[in-house]
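Spelled out from the first residue to the last, the chains are:
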Protein chains: 2
Amino acid sequence: MTRRDFLNRVGKVGGAVAVFGAMESLGLLSTSASASSFQPPTQGDLALTGRNGKRILILGAGIAGMTAAYELGKAGYDCHILEARQRTGGRNWTVRRGTREQEINGEMQTATYDPGHYFNAGPARIPQHHVTMDYCKELGVPLEVFSNGNEHAFYYQENAGALSNQRYRKYEVKADGRGYVAELLAKAVNQSALDDPLTSEDAERLLEYLRREGGLSSDYTYQGSSARGYAELPGAGDQPGTLGQLHSFTDLLQSGMMNNFSSEYSFNQQMMMFQPIGGMDQIPKALERKLPGKITFGAIVREIRQTNGGVRIVYTTGSGGTQSMSGDYCICTIPLPVLKKIPADFSAEMKNAMNQIGYATTGKIGLQFKSRFWENEDRIYGGITTTNMDINQIWYPSSDFLAQKGILVGYYNFGNNAVALGNMSLAERQAHALAQGTKIHPQYAAEFETGFSLAWHKIRYNEGGWASYSESDLQNYYPILNRPQGRVYLAGEHLSYYTGWMAGAFESARKVVTEIHEQVMKEEPVSA
Amino acid sequence: MTRRDFLNRVGKVGGAVAVFGAMESLGLLSTSASASSFQPPTQGDLALTGRNGKRILILGAGIAGMTAAYELGKAGYDCHILEARQRTGGRNWTVRRGTREQEINGEMQTATYDPGHYFNAGPARIPQHHVTMDYCKELGVPLEVFSNGNEHAFYYQENAGALSNQRYRKYEVKADGRGYVAELLAKAVNQSALDDPLTSEDAERLLEYLRREGGLSSDYTYQGSSARGYAELPGAGDQPGTLGQLHSFTDLLQSGMMNNFSSEYSFNQQMMMFQPIGGMDQIPKALERKLPGKITFGAIVREIRQTNGGVRIVYTTGSGGTQSMSGDYCICTIPLPVLKKIPADFSAEMKNAMNQIGYATTGKIGLQFKSRFWENEDRIYGGITTTNMDINQIWYPSSDFLAQKGILVGYYNFGNNAVALGNMSLAERQAHALAQGTKIHPQYAAEFETGFSLAWHKIRYNEGGWASYSESDLQNYYPILNRPQGRVYLAGEHLSYYTGWMAGAFESARKVVTEIHEQVMKEEPVSA
């Protein structure tokens with residue numbers, strides 16, 4: 001009996017509700033945001049078995065560290081977090097007026113944005129299937145849409161043939177590109193040129209799909225459609241609108257713009273996406289409120305030691321000098337580029353694994369403009385312009401539509417582009433972002449007010465964007481990193497299949513919380 | 001010299017800014033939301049030429065009527081609006097607790113939604129290129145995203161082959177459909193089976209595009225990709241996620257689901273789209289605030305008369321009996337199905353034209369549920385599920401994400417489906433919407449609280465959704481409707497190429513405001 005037969009049979013007996021129940025059991029419906037069916041430990045787990053809440057030292061007050069403390073706290077574990085910075089959040093960092101940062105070997109930078117304006121320097125978008133949405137609900141963090149896919153934003157290419165050095169609306173490029181591709185396949189179908197012939201019913205259905213998909217005329221040729229927008233918009237009375245001139249297929253192929261379509265289909269970047277109202281750091285702030293008195297700020301971890309039945313962390317603070325703290329278990333969320341330089345009682349295998357993992361180089365700049373010309377003049381409300389210039393993308397704000405001012409992300413780039421821009425002085429980065437952006441938005445020059453940039457690989461306590469695993473890393477080193485070293489458990493986005501996403505940090509925290517709790521429940525009860 | 005040559009030359013001399021200016025002049029950039037370059041009449045126009053503000057009678061306090069009064073009022077015209085209902089907005093109508101409506105030959109219905117909840121019974125989404133965005137800015141109506149395209153919503157088909165009677169995520173269907181189509185064309189390209197051969201460079205570029213677009217493997221076959229989602233989601237530690245079983249191409253084609261993709265590309269429904277925070281009626285409410293004392297409510301127009309140099313409108317009110325009002329000009333925004341039944345001094349040609357135009361039949365139901373199971377359980381935050389059942393679509397709310405309760409649009413249908421559901425009793429409509437919706441969301445039964453439905457073709461003072469022109473109507477009758485009848489000018493969505501959109505009403509109002517103002521400026525000045 002196939003799965004479908006089984007479900008059909010269930011449906012005949014029990015109706016839709018029964019079918020859905022059965023599908024759920026078969027794992028056919030991904031209704032849960034989490035791969036694991038996480039149950040936070042409860043006070044009852046410990047109290048009813050005569051155990052007390054062990055002391056858990058947590059290194060890092062980012063998403064993973066605070067989530068672990070929050071979830072363990074539900075059961076009465078005695079958690080304490082050591083955080084190197086004076087703020088929580090780690091890479092979840094929202095830059096606002098007064099934000100100060102000095103990169104490694106860098107100049108001191110202070111944000112001078114207008115009050116109320118901000119940009120998310122780290123994570124900036126949440127897919128709706130991620131567990132992050134559930135934490136926002138549980139923690140009371142209100143969400144709004146993040147406009148990841150806006151057809152009105154532009155493609156802009158350089159050195160890519162006839163369509164270079166001019167901006168084109170995404171809808172225009174998509175309509176033309178899909179049109180020609182559909183026309184080509186329709187021709188092959190109509191001429192029975194396909195090696196693997198379709199049944200005549202399937203051929204007919206495919207042609208109907210292609211006609212719609214490509215906006216083809218009744219003879220299956222592409223002659224443009226309203227999906228590609230108008231040179232003159234429709235209006236009232238005698239204004240039906242006029243289509244613009246089509247791009248040629250060969251120009252489009254040469255431009256490379258069509259290769260950008262698929263990024264919007266990727267599972268983690270498909271619409272809808274979301275962001276907390278008021279900045280991504282509303283999430284760490286909400287977690288922090290759940291952990292009063294449990295975080296020591298400005299505590300830089302210097303040593304991670306295994307002791308007889310416990311852990312000891314040596315750290316320094318600006319005022320207190322070198323201190324140490326002991327606990328029963330340790331959850332270490334320090335990113336690998338930093339962690340691998342801290343003396344620790346880890347196995348040689350573990351030390352080697354940490355050394356093998358590369359981290360993404362990535363940078364961003366937030367540019368404040370005195371008017372929202374991208375809305376008023378360019379009719380772009382949210383979304384992302386994509387270019388093959390080294391600035392890579394321009395992000396339009398997804399909040400405060402129609403407001404006076406706004407902050408664009410002037411570049412968000414990776415790899416060599418991020419290294420090159422990261423190596424510039426702050427002034428050079430800004431000048432570069434403005435020069436490149438001006439090619440797409442000539443209004444940049446007149447409207448620019450102030451900027452703030454960062455290169456994550458040069459940010460102290462991070463030294464990288466996110467773990468970047470190769471297939472062989474995942475086979476050879478990732479499992480080692482995921483196993484506890486004695487009583488020390490690593491957690492963070494780098495210990496998940498959601499690297500670079502907050503969901504990875506949340507999921508990883510849940511995993512080590514479960515592992516530690518299971519371990520504690522295996523130990524001998526302490527007499528009361 | 002081609003247009004591109006010209007622009008290249010401009011660019012070499014003046015740089016990007018000059019190019020954009022030149023493109024603007026050539027109409028190559030649709031930066032304006034409006035096809036016309038509308039300039040509202042000013043007080044100076046009249047005062048400086050010794051004219052006074054003529055009296056303009058406006059029939060209907062919907063978007064078109066109030067916009068006309070608002071724009072003419074800027075110049076000091078003496079506008080007065082007669083409105084049949086006790087509220088403004090016309091089809092821009094937000095249903096909330098206490099909303100009462102009795103359809104023609106229908107039962108009285110009172111909305112019993114919880115306070116704070118609503119649904120937009122008429123227009124419910126705003127494309128970012130529409131002039132509506134500008135009015136929201138000018139009138140101070142804050143906007144939020146309307147989630148028109150959500151890949152996490154479902155397709156659900158009946159009587160459509162092997163994939164019938166089960167819900168599928170849009171991303172899953174899109175990934176599989178695009179995958180097979182890309183594979184098919186890649187094969188044809190690789191086997192040089194195309195009649196019109198591509199250059200080898202173009203063929204290579206096309207293959208690269210197809211590989212990305214379809215999520216193809218390196219041998220250009222489709223074997224699934226993460227874009228189609230997971231049967232088990234990725235997670236932390238040893239959970240890489242598992243892809244589900246692919247649908248077959250023939251099953252997909254037979255299901256018809258792929259024919260739905262293109263609707264999301266249409267120019268007026270591409271993302272991003274928007275809605276006013278708090279309900280679509282925030283727009284008419286903002287217009288109404290600009291027109292204090294200028295609207296007579298409950299005034300039902302009975303006759304439209306041309307007089308010697310003016311117009312006279314006969315109307316009745318509940319309390320005041322039959323009355324009349326005179327003016328210099330009249331702007332009539334009454335929808336044609338209603339207007340054609342009102343005695344009026346219109347030409348035979350005009351009366352015939354009005355009789356020829358069909359209006360869309362369309363209906364909606366708003367269903368309040370006591371939990372947002374579509375978010376909590378189904379991971380759908382906003383967006384639209386599409387089905388070939390007669391309910392046509394289910395809309396998930398685009399606001400108050402993560403809240404406790406919410407209102408779904410349980411059907412939004414057209415044509416015969418709308419007529420059939422419109423002919424049902426209120427209780428039958430609701431039972432039908434619940435029965436059909438339960439096939440997609442089995443949670444309906446347990447979570448439903450209260451509903452409110454409407455059929456626009458049965459709503460008094462509208463009697464239809466929007467003007468529905470054929471190509472020949474546009475040629476033969478639309479121009480007649482757009483010409484003034486003496487001193488009476490028609491305005492509304494039906495006098496535009498944006499039928500069914502608020503933008504049509506705004507554009508049409510601007511058009512008649514301009515026409516009347518030009519006419520007044522041609523008349524002899526009145527001595528002061």
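Residues numbered from 1 in each chain as written. Chains lettered and ligands numbered in written order. Predicted model: local features only at pLDDT ≥ 70, side-chain atom pairs only at ≥ 80, totals over all residues. Heavy atoms only, no water.

Participant: Any chance you could explain the interface of chain A and chain B here in plain terms?
Facilitator: When the parts come together, some accessible area is lost, and that loss is often what is quoted as the size of the interface. In this assembly, 108 residues from chain A lie in contact with 108 residues from chain B. Interface area, chain A with chain B, both sides summed: about 9500 Å², of which 60% is carbon and sulfur. For chain A, the biggest contributors to the area lost against chain B are A:Leu233, A:Phe267 and A:Arg379; these three give 8% of the whole. Linking chain A with chain B are 2 salt bridges, by the criterion used here. One salt bridge in this structure joins A:Arg379 and B:Asp134, with 2.7 Å as the shortest N-O distance. Counting across the chain A and chain B interface gives 30 residue pairs in polar contact (both at pLDDT 80 or more). (Contact = heavy atoms within 4.5 Å. Buried area = accessible area lost by both parts, 1.4 Å probe. Salt bridge = Lys/Arg side-chain N within 4 Å of Asp/Glu carboxyl O. Polar contact = N/O pair within 3.5 Å; in protein donor to acceptor, adjacent residues only side chain to side chain.)

Participant: In this structure, what is going on with the domain arrangement of chain A? I would like to understand it.
Facilitator: Taken as a whole, chain A is organised into domain 1 (43-89 + 294-357 + 469-521), domain 2 (94-153 + 273-281 + 361-458) and domain 3 (167-255). Here domain 1 of chain A and domain 3 of chain A have C-alpha centroids that lie 54 Å from each other. (Domains from an automatic or database assignment.)

Participant: Is there a simple way to think about the pairing of strand E21 (residues 383-387) of chain B in this case?
Facilitator: The two faces of a sheet get side chains in turn, since along a regular strand they alternate between them. Residues and elements named next belong to chain B. Across the 5 residues of E21, 5 count as buried, placing the element largely inside the fold. Because side chains alternate across E21, one face comprises the buried residues Gly-383, Thr-385 and Thr-387, and the other comprises Ile-384 and Thr-386, equally buried. Of the strand pairs in this sheet, strand E9 (residues 154-156) and E21 are connected by 2 bridges, and their pairing is parallel. When the bridges of E21 are listed, Tyr-155 appears paired with Thr-386. Pairing of E21 with strand E22 (residues 393-396), which is carried by 4 bridges, proceeds in the antiparallel orientation. (Buried < 20%, exposed > 50% of the residue type's maximum accessible area, 1.4 Å probe, protein only. Helix = DSSP H or I, 4+ residues; strand = E, 2+ residues; numbered from the N terminus. Pairing = 2+ DSSP bridges.)

Participant: Hey, could you run me through the confidence of the model for chain A in this one?
Facilitator: For any part of a model where pLDDT is low, the fine detail of the predicted coordinates should not be relied upon. Residues and elements named next belong to chain A. The share of residues in chain A with pLDDT of 70 or more is 94%, and the mean pLDDT across the chain is 93. Within the model, the stretch residues 25-30 combines pLDDT values under 50 with 15 contacts to residues more than four positions away or in other chains. ipTM for the predicted complex: 0.92, alongside a pTM of 0.93. (pLDDT = per-residue confidence, 0-100.)

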